[in-house]
Amino acid sequence: MLRRLLLLWWIGCLASVCYGADLRIAVDADPISLDPHEQLSEAGIQYSHAVFDPLVRWRQDGTFEPRLASSWERLDQRTLRLHLRDDVTFHSGNRMDADDVLFTMDRLKLSTDFKGLFNVVQNVDKIDDYTVDIHTTDRYPLLLNSLAYVFVIDKAFYQGRAEIIKFGQTFAAKNVSGSGPFQVKQRIAGQKLVLERNPHYWDKSSRGNLKQLELITIRSDSTRLAALLTGDVDVISPVAPIDIARVQSTPDINFLALTGTRIVMLQLNQARRVEFQDIRVRKAMNLAINQALIVEKILRGYGEAAGQLSADAFAGHLSTLLPESDLAKAKQLMAEAGYEQGFRISMMAPNNRYMSDERVAQAAAAMLEKINIRVDLKTFPKAQYFQLFDQRAADVMMLGWQSDTFDSNNIFEFILACRDQQTGLGAYNSGGFCDALIDQGITLANNEMKPEQRERILQGIEAHVAAQALVIPLYWQPIIWAAKAHVNLASVVNFLNFPYWGDLEVRE
């Protein structure tokens, strides 16, 4: 009898993937919620790719592949037609169709964090059960880029209890019905998230063989590394710069580092501090902070010092905008502004969100002290920090931003635009400023279909931001993981740092 059962199992494995591997991953922070539309964050999108499915998905070469949308075509400059898969079942057992897409798009436009990505969508029409037309308010060259963030939810499951309250205890924050490769088995907020394979997943072509995925929150860099070295976990991210050499020299541990485009910056709140309204003070602060030294000494050379917001992969990047540090000039500007004796400010930063974020914040504070700006620095775990960030609770706030559309304008829309709760623009602008020239440039870039002209518009915004010293760019953060040798991370981690765990094939 046993031999017969083994034979049947072996035949079944020939016909499809056998799910038998378990994976334990230690991360520095967990998603704040089980609601995929509550917070636009790296941890949230990583979770969403495991439990939900997007309409389209980035490939590692920067192109898009079909997911819940099996194909698409342009009907005109303002209309994109999507053809949906007809074989998708939600975790609840409900079948996915066009009504779920319409429900999801309406909900995204109500999300504080996501509405800025979708304010260009005028309406979505249902053509039939598996066809929808998306109409934009004007011509928009990045619609597919935005659709990579449409994680479709189960209308029948969520309807009537789909409210989105950031950091709130809503139904969607605690209950899940996605269509992704994994289902939520257990969640202990701030400690672990256990996912188990969805046996009814539609993507039968995937070679992923994970049966269970456990995401364990370990905030301490050294403790996270120790867990990997002792075999308590199979994968960790991030790896602290100080630990990279040890990881690279350890047998049976693979080290993965990718060039990143996440810009880490300091935002200066002009609404809280009249001193920051003086361009000379803002320029002095920019000049006082030595980005290259931060990358060299704290990040151990991992990362790239930044003199602008746009990474060189983006159309808005200007090769002439380099990080500049000049302490003598900074002191001169402070004196010219009447602040030679300086002043005291408050600063807040996370301590488990970006690479060595607390140490970077401490270094920046020490550098500002050299021009007599005395800094009261407080750091917090990610979940607590972003509640304070939303409150604009300090004069200077640290923020890292990965362009969701892999484009400069996404940074400008969320970080630099005038805050508008209705459209979602400026949702992460903690600087308290509103510049009509920037908003006009954002609108022009969004409607410009010619790449060359669009590039000039975006570069113009970048040059204007640098000239006004509206923020302090620090560095572009690399993507760094470490894993046991049997885990082929390179096959599922992309340039946006969204691992597709459902496709991971682990050697047992």
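Before any of the text, the structure's been laid out above.
Residues numbered from 1 in each chain as written. Predicted model: local features only at pLDDT ≥ 70, side-chain atom pairs only at ≥ 80, totals over all residues. Heavy atoms only, no water.

Draft legend 1. Structural detail: the packing of helix 11 (residues 291-298) against helix 13 (residues 357-369). Put simply, helix 11 and helix 13 touch, their axes get as near as 11 Å, and they point 140° apart. What the angle tells us is that helix 11 and helix 13 run oblique. When the axes of helix 11 and helix 13 are compared, the crossing they make is right-handed. Along the contact surface, helix 11 presents Leu293, Ile294 and Ile298, while helix 13 presents Arg359, Val360, Ala363 and Met367. (Axes fitted to C-alpha atoms, helices over the stretch in contact; angles between N-to-C directions. Helix = DSSP H or I, 4+ residues; strand = E, 2+ residues; numbered from the N terminus. Parallel < 35°, antiparallel > 145°, perpendicular 65-115°, else oblique. Left-handed = near helix turned anticlockwise from the far one by under 90°. Contact = heavy atoms within 4.5 Å.)

Draft legend 2. Here's a closer look at the side chain of Ser41. In this structure, Ser41 sits in the loop between strand 1 (21-27) and helix 2 (42-51). There is a polar contact of 3.1 Å between the side chain of Ser41 and the backbone nitrogen of Gly44. (Polar contact = N/O pair within 3.5 Å; in protein donor to acceptor, adjacent residues only side chain to side chain.)

Draft legend 3. Structural detail: the state of the cysteines. Throughout the structure, instances matching the rule amount to one disulfide. Shown here is the disulfide that connects Cys418 with Cys434, its sulfur atoms set 1.9 Å apart. As the torsion about the S-S bond is roughly 95°, the Cys418-Cys434 disulfide counts as right-handed. Linking Cys418 in the loop between helix 15 (408-416) and helix 16 (436-447) with Cys434 in the loop between helix 15 and helix 16, this pair joins segments that are 16 residues apart in sequence. (Disulfide = S-S within 2.5 Å.)

Draft legend 4. Representation of the sheet that holds strand 4 (residues 69-76). Ordered by their spatial adjacency, four strands build an open sheet running 4-5-7-6, and the pairing between neighbours is antiparallel. Unpaired on one side and paired on the other, strand 4 and strand 6 (121-128) mark the two borders of the sheet. Taking the axes of each pair of neighbouring strands and ignoring which way they run, one obtains an average angle of 20° across the sheet. Sitting on the sheet, helix 3 (residues 98-108) is in contact with strand 5 (79-84), strand 6 and strand 7 (131-136), with an inclination near 170° to strand 6. (Pairing = 2+ DSSP bridges.)

Draft legend 5. Broad picture of the packing of helix 15 against helix 17 (residues 451-468). At their nearest, the axes of helix 15 and helix 17 sit 10 Å apart, and the two run at 40° to each other. One element, helix 15, and the other, helix 17, form an angle in the oblique class. Read as a crossing pair, helix 15 and helix 17 show a hand that is left-handed. On helix 17, the residues touching Ser408, Asn409, Phe412 and Leu416 of helix 15 are Arg454, Leu458, Ile461, Glu462 and Val465. Looking at side-chain class alone, the contact of helix 15 with helix 17 contains five nonpolar, two polar and two charged residues. (Nonpolar A, V, L, I, M, F, W, Y, C, P; charged D, E, K, R; others polar.)

Draft legend 6. Looking closely at the pattern of salt bridges. On inspection of all chains with the given rule, the structure shows 22 salt bridges. A salt bridge links Glu214 to Lys192; the shortest N-O distance between them is 4.0 Å. With Glu214 in strand 10 (residues 210-217) and Lys192 in strand 9 (residues 192-197), this residue pair connects regions lying 22 residues apart in the sequence. With a relative accessible area of 17%, Glu214 lands in the buried category. We note a salt bridge from Arg280 to Asp278, for which the minimum N-O separation is 2.9 Å. A cluster of three or more residues bridged by salt bridges with shared partners is formed by Arg272, Arg273, Glu275 and Asp395. (Salt bridge = Lys/Arg side-chain N within 4 Å of Asp/Glu carboxyl O. Buried < 20%, exposed > 50% of the residue type's maximum accessible area, 1.4 Å probe, protein only.)

Draft legend 7. Looking closely at the pairing of strand 9. Sheet topology places strand 8 (residues 182-188) next to strand 9; six bridges connect them, and they run antiparallel. For Arg187, the partnering residue across the bridge sits in strand 9 and is Leu193. Here strand 8 folds back onto strand 9 in antiparallel fashion, the turn holding three residues, of which Gly190 has a positive phi close to 80°. Where strand 9 lies against strand 10, five bridges are found, and the strand directions are antiparallel. Within strand 10, the position partnered with Glu196 by the bridge is Gln212.

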